[in-house]
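# Descriptive analysis of the structure
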Amino acid sequence: MKSIRTRMTVIFVGLMMAMIAVIWGINKWYLEKYYITEKVESIEAAYDAFNWQLESNAERGISIQEAMKREQDADGNIKEGNLQKLFRDFSDKANVSMLMIDNSADSSAVYSTARDAKFLRDRMERYIFGKNHMDVKVLEENEAYTLQVTFDPWRDGSYLESWGFFSDNSTAFIMSTPLSSISESTMLSNRFLAYVGIFAVLIGGIVVYFVAGRLTVPINQLSRLSEKMSQLDFDARYEPEKGEYTEIGVLGKNMNTLSRRLRDTIGELKSVNNQLQKDIEEKTRIDEMRKEFIANVSHDFRSPLTSIKGYVNAMADGTIPVEMYEKYLKIILFETERLTDLTQDLLTLNEFDTKELLLDKNNFDIHEVIRNTAASFEGTCTAKKISIELIFASKTLNVYADKRKIQQVLYNLLDNAIKFSNPDSIVSVETTERFGKIFISVKDSGIGIPKKSLNQIWERFYKTDLSRGKDKKGTGLGLAIVKEIMKAHGENINVISTEGVGSEFIFSLPAQK
């Protein structure tokens, strides 16, 4: 693909060459004709001027001989008669040889501007007496003179000639100019034009090439800018030259504005699209969680209800004897408590899901809450021979939080720690204060959590394979509730666990205000 620079140069050179060719053709075919026409008019005008001067002199009694005088005075100044001056001026300016014969006196007088006057006289006499044997092309003929083009074979050239008599009918004349000079002048003119044209084309082409290169620099810059924009690269900018206020500069400025607006718009669209993608993914995740939640809830409700219904039907139809009622009533009570706990946990999680949870934050002693919560597990710990060790950073340690919700967190964590600990083991609760935060740790020496399950224990209804055999009454919602409560407080909870060694849950609370 040719560049604009090359095209401009080629177009300019082509136009220059075409113009020179046209001028050269006009010169070749029409200059000689035009020159001859001008000569014809010049000769006709000369005849009229000579004829008028002769008539004027005749009226004033001035003879041709007197009008043709040429004398030098004592001071060296040359004086010429009016006809002589006209005679000489015409010959010099028009480059026409002229011969005039005055037959008004007893003896004829010959006046000539040519070096070879005899040659002109012989030609004139042949024309007048009809003895011409040369090729003649008559251009104009009247009673006074004949204007013709004569080809002289002896001199191998053509002449433009006019011959005849002035109005006094006694003065004959002939005017002659070689046409070879005209042809030569035309040829020289065309040759000179060709040389000048070639030079002009070369110089003009070079100048136009560099000027076009200068002009196309901003165009090339705009081209590169548009190419980058087509590739969604909107950081490129058009850099105008200092003081550039041309149409290209305005276009470049508009391109910069367009590039900036496209970048901003596409950025906004990407941001909206990313947000939309996140919303779609979140909605998909929530839908999946809802489906899984409903499936888990249905399963956890169905199992105890099926068990209760089966035992009640068996007692009603006598399948279970009366003496066994106490045993199965305890099982029914156990399943009922499972349903009650599951319902309560679902109501607690619903508070978080509907964002209706309002925290009642106050300053309180976290140590007191830990003691009271630990005391509630005394019976369970005694049965399993598990001891709870409390390690406090100080006698009292105040935090700023929702006391009831934090108590629920401690209860769930201690419940899990005791549930999954081995008999004759220790569950420790430790508090520390660092960087304006209170950290509470609940640590057991139980079965631990598999590494692959550490990120899943916070999900609702999730139970590890190891916990399923030990946790008959659990709903699988305890840690999910803990996570939501800490999230509502804007705090974190983390777990460190080794399978077969134990687990440690650590959460933070802000110090009192």
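My aim in this report is to walk through the structure given alongside it, one point at a time. As the structure is a prediction and not an experimental result, all values here were calculated from the model. The numbers attached to residues start from 1 for each chain and follow its sequence in the written order. For this predicted model, a pLDDT threshold of at least 70 governs which residues receive local features, and a threshold of 80 or more governs which side-chain atom pairs are given and counted, while totals over whole chains, interfaces and linings are taken from all residues. Heavy atoms throughout the structure, all of them, feed into the side-chain values; hydrogens and water do not.

### Quick notes on the overall build of the protein
Secondary structure assignment for the protein yields 12 helices and 15 strands. Contacts in the protein between residues at least 24 apart in sequence constitute 62% of all its contacts with a sequence separation of at least 6. To measure how exposed things are, a 1.4 Å probe is used in the Shrake-Rupley method; for residues, cover is taken only from the protein chains shown. Total accessible area on the protein is roughly 31700 Å²; 55% of this is exposed by carbon and sulfur atoms. Secondary structure elements are taken from DSSP: a helix is a run of H or I of four residues or more, a strand is a run of E of two residues or more, and numbering for both begins at the N terminus. Throughout, a contact is declared for two residues whenever any of their heavy atoms are within 4.5 Å.

### Quick notes on the sheet that holds strand S12 (residues 426–434)
Between any two strands, at least two bridges found by DSSP are needed for them to pair. An order of S10-S12-S13-S15-S14 is seen for the 5 strands of this open sheet, with the pairing classed as mixed. Edge positions in the sheet fall to strand S10 (387–391) and strand S14 (493–498), since each has one partner strand and no second. Direction aside, neighbouring strands of the sheet carry axes that sit 15° apart on average. Of the pairings in the sheet, the one linking strand S13 (residues 437–443) to strand S15 (residues 502–510) comprises 7 bridges and is antiparallel in character. A fitted line through C-alpha atoms serves as each axis, taken over the contacting stretch for helices, and the angle formed by two N-to-C directions is quoted from 0 to 180°.

### Quick word on the side chain of His489
Mapped onto the elements, His489 comes out in helix H12 (residues 478–489). Taking the relative accessible area as the measure of exposure, His489 reaches 8% and is therefore buried. When near neighbours in sequence (up to four residues on either side) are disregarded, His489 contacts Leu359, Lys361, Ala401, Asp402, Lys405 and Ile406. Only protein chains enter the accessibility calculation, which uses a 1.4 Å probe; a residue is then buried when its area is under 20% of its type maximum, exposed when over 50%, and partly exposed in between.

### Quick word on the packing of aromatic side chains
Pairing of aromatic side chains requires ring centres within 6.5 Å, counting the rings of Phe and Tyr and the six-membered ring of Trp. Pairs whose planes differ by under 30 degrees are stacked, by over 60 edge-to-face, and all others tilted. All told, the structure shown has 10 aromatic pairs when counted by the stated rule. Relative to Phe87, the ring of Phe50 has its centre 6.0 Å away and its plane inclined at 75°; by these criteria the two rings are edge-to-face. Here Phe87 lies in helix H3 (residues 82–94) and Phe50 lies in helix H1 (residues 4–59), a separation of 37 residues in the sequence. For Phe50, a relative accessible area of 0% gives the class buried. Between Phe166 and Phe173, the aromatic rings sit 4.8 Å apart at their centres with planes inclined by 25°, giving stacked as the arrangement. Under the relative-accessibility criterion, Phe166 is labelled buried at 1%. Each residue in the set Tyr47, Phe50, Phe87, Phe90, Tyr145, Phe166 and Phe173 is aromatic and connected to the rest through ring pairs, giving one cluster.

### Describing the packing of H1 against helix H5 (residues 180–230)
Running from amino to carboxyl end, H1 crosses H5 at an angle of 160°, the nearest separation of the two axes being 8 Å. On the basis of their axis angle, the class for H1 and H5 is roughly antiparallel. The interaxial crossing formed by H1 with H5 has right-handed handedness. When an angle is under 35 degrees it counts as roughly parallel; over 145 it counts as roughly antiparallel; between 65 and 115 it counts as roughly perpendicular; any other value is oblique. In this scheme, a crossing is called left-handed if the near helix is turned counterclockwise away from the far one by less than a right angle; it is called right-handed if the turn is clockwise.

### Some thoughts on the pattern of salt bridges
Salt bridge criterion: a side-chain nitrogen from Lys or Arg within 4 Å of a carboxyl oxygen from Asp or Glu. Taken as a whole and judged by the stated rule, the model has 12 salt bridges. Two residues, Arg263 and Asp264, come together in a salt bridge whose shortest N-O distance is 3.6 Å. Counted as one network, the salt bridges with shared partners bring together Glu80, Lys85, Arg88, Asp89 and Asp92.

### Quick word on the environment of Phe392
Position of Phe392 among the secondary structure elements: in the loop between S10 and strand S11 (398–402). According to the relative accessible area criterion, Phe392 is partly exposed, its value standing at 22%. When the C-alpha atoms of Phe392 and His367 are compared, they prove to be 7.2 Å apart, with 25 residues separating the residues in sequence. Once you skip the residues sitting within four places of it in the chain, Phe392 turns out to touch His367, Ile370, Arg371 and Thr431.

### What about the packing of H1 against H3?
It is the contact of H1 with H3, at a shortest axis distance of 10 Å, that shows an interaxial angle of 175°. It follows from the interaxial angle that H1 and H3 lie roughly antiparallel. The residues of H3 that touch H1, namely those facing Lys39, Ser42, Ile43, Ala46, Ala49, Phe50, Gln53, Leu54 and Asn57, are Asn82, Leu83, Leu86, Phe87, Phe90 and Ala94. Note on residue categories: nonpolar means Ala, Val, Leu, Ile, Met, Phe, Trp, Tyr, Cys or Pro, charged means Asp, Glu, Lys or Arg, and polar means any other residue, Gly included. A class-by-class count of the residues in the contact of H1 with H3 yields 10 nonpolar, 4 polar and 1 charged.

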